[in-house]
Amino acid sequence: MSMPFTTEQRPDTGLYNAKLGMWFFLAAEAMFFGALFSSYAFLRTAAEAWPAGSEILPVGVALLTSVSMILAAVFSAKGWSDLRREDRGRHAAWMWGAIIAGIVAVVCIAIGHSLEAREGMHAATNTFYACWYLITGVQQAHVVAAIAYTLFLGLPGTTLRKTDPQRYRNRVECLGLFWQFLALMWIATFACFYVF
């Protein structure tokens, strides 16, 4: 006996189980990141002095991270689009592009952390750096998880593409939603620390 709405959409909501679960997961993640950003805003407004992030943080590395996160989201969306059109060769290329862009983002965040650590700025230095290391570190962990799942779908998950192609397409679509969420969270981080 198979579970209903695993691959087909529910007639009342237009969602299948995995997509509904992904929306619940993204809602929880939005609350988690919202708590981080609201804590940052509270600490920033309560502080007597707050440094300008664009003056003390590596802006070039953050811009490269922003570009790579946006590219990962775009590549995963293009991969899902090509998979829907049964263009499996281009789908695989787009998914590998998302993996590479995600790796670039992870490396850029690590470089930003190491550059600040070399200058003696650690999470214990002040509240600004504690917030910066925490929020960017949490995002780095999320990007690593997205890379791992993209690799899973690209390597051992391809057997699912052969046995149940609609379920595989659904998983790739949910993965694309997660990449887009991560890109939005990085843009919010960039705005908080480097623009305002």
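Along each chain, numbering runs from 1 in the same order as the chain's sequence is written. It should be noted that, the model being predicted, local features are given only for residues of pLDDT at least 70 and side-chain atom pairs only at 80 or more, the latter also being counted only at that level, while totals for whole chains, interfaces and linings use all residues. Excluding hydrogens and water, the side-chain values take into account all heavy atoms of the structure.

Visitor: An account of the overall build of the protein chain is needed here, citing residue identities and associated values.
Guide: To qualify as a helix, a DSSP run of H or I must reach at least 4 residues; to qualify as a strand, a run of E must reach at least 2; elements of each kind are numbered from the N terminus. Within the protein chain one finds seven helices and zero strands. Considered along the principal axes of its C-alpha atoms, the protein chain spans approximately 60 × 35 × 25 Å. The rule is simple: take the accessible area with a 1.4 Å probe, protein chains only, and divide by the maximum for that residue type; under 20% is buried, over 50% is exposed, in between is partly exposed. Per-residue burial over the protein chain gives 41% buried out of 196 residues. In what follows, a contact means two residues having at least one pair of non-hydrogen atoms within 4.5 Å. Sequence separation of at least 24 residues holds for 75% of the intrachain contacts in the protein chain that already meet a minimum separation of 6. Each accessible area is a Shrake-Rupley estimate made with a 1.4 Å probe; only the visible protein chains count as cover when residues are assessed. A total accessible area of about 10,100 Å² is found for the protein chain, and carbon and sulfur atoms account for 69% of it.

Visitor: Just give me the short version of the environment of Phe181, but keep the residues and values in it.
Guide: Following the sequence through the fold, Phe181 ends up in helix H7 (residues 165-195). The sequence separation of Phe181 and Cys131 amounts to 50 residues, and the corresponding C-alpha distance is 20 Å.

Visitor: Outline the side chain of His113, supporting the account with residue identities and numerical values.
Guide: Topologically, His113 is positioned in helix H4 (residues 88-118). The exposure class of His113 is buried, given its relative accessible area of 14%. Those residues in contact with His113 that sit more than four places away from it in its chain are Trp132, Tyr133, Thr136, Gly137 and Gln140.

Visitor: Now, about the packing of helix H1 (residues 17-46) against H7: what can you tell me, with residues and values included?
Guide: Where H1 contacts H7, the two axes come as close as 10 Å, and the packing angle between them is 10°. One way to sum up the angle between H1 and H7 is to call them roughly parallel. In this structure, H1 contributes Ala18, Lys19, Met22, Trp23, Phe25, Leu26, Glu29, Ala30, Phe33, Phe37, Tyr40 and Arg44 to the contact, and H7 contributes Glu173, Cys174, Leu177, Phe178, Phe181, Met185, Ala188, Thr189, Cys192 and Phe193. Grouping the constituent residues of the contact of H1 with H7 by class yields 17 nonpolar, one polar and four charged. Note on geometry: axes are lines fitted to C-alpha atoms, helical ones only across the stretch in contact, with angles between N-to-C directions running from 0 to 180 degrees. Comment on the angle field: the value is read as roughly parallel under 35 degrees, roughly antiparallel over 145, roughly perpendicular from 65 to 115, and oblique elsewhere. Basically, the charged four are Asp, Glu, Lys and Arg, the nonpolar ten are Ala, Val, Leu, Ile, Met, Phe, Trp, Tyr, Cys and Pro, and anything else, Gly included, counts as polar.

Visitor: Got a sec to walk through a nonpolar patch on the surface? Specific residues and values, please.
Guide: Two distance rules govern patches: like charges are joined within 9 Å, and nonpolar side chains (Val, Leu, Ile, Met, Phe, Trp, Tyr) within 5 Å, applied only to residues with over 30% relative accessible area and no salt bridge. We define a salt bridge as a side-chain nitrogen of Lys or Arg found within 4 Å of a carboxyl oxygen belonging to Asp or Glu. Among the surface-exposed residues, Ile70, Val74, Leu184 and Ile187 lie close enough to one another that they form a single nonpolar patch of about 330 Å² accessible area. At the level of secondary structure, the elements contributing two or more residues to the nonpolar patch comprise helix H3 (59-84) and H7. Its location among the elements puts Ile187 in helix H7.

Visitor: Would you mind going over the pattern of salt bridges in detail, with residue names and values included?
Guide: Side-chain pairing between opposite charges can occur once the charged atoms of the two side chains come close. Summed over all chains, the structure comprises four salt bridges. Taking the shortest distance from any N to any O, the salt bridge between Glu173 and Lys19 comes out at 2.8 Å. Here Glu173, found in helix H7, pairs with Lys19, found in helix H1; they are 154 residues apart in sequence, far enough to count as distant. Taken individually, Glu173 and Lys19 each receive the classification buried, so the pair is uniform in this respect. Because the salt bridges share partners, they merge into one network encompassing Asp82, Arg85 and Arg90.

Visitor: Now, about the environment of Thr45: what can you tell me, with residues and values included?
Guide: As for its placement among the helices and strands, Thr45 is situated in helix H1. Considered as a pair, Thr45 and His122 are 77 residues apart in the sequence and their alpha carbons are 21 Å apart. For the purposes of these results, a polar contact is taken to be a pair of N or O atoms within 3.5 Å, where, inside protein, one atom must be able to donate a hydrogen and its partner to accept one; residues adjacent in sequence count only when each atom of the pair is a side-chain atom. Polar side-chain contacts of Thr45 include one of 3.1 Å to the backbone oxygen of Phe42.

Visitor: Help me get a handle on the nonpolar core, residues and values and all.
Guide: Counting 49 residues, the largest nonpolar core has Trp179, Leu182 and Phe193 as its most contacted members. Of all elements in the fold, only H1, H3, H4, helix H5 (127-154) and H7 reach the threshold of two or more residues within this core. In this view, Trp179 contacts Ala72, Ala73, Ser76, Ala98, Gly102, Val143, Ala146, Ile147 and Thr150; residues no more than four positions away in its chain are not counted. By nonpolar core is meant a set of buried Ala, Val, Leu, Ile, Met, Phe, Trp, Tyr and Cys residues that side-chain atoms within 4.5 Å join together.

Function cannot be read off these values alone, since they describe shape.
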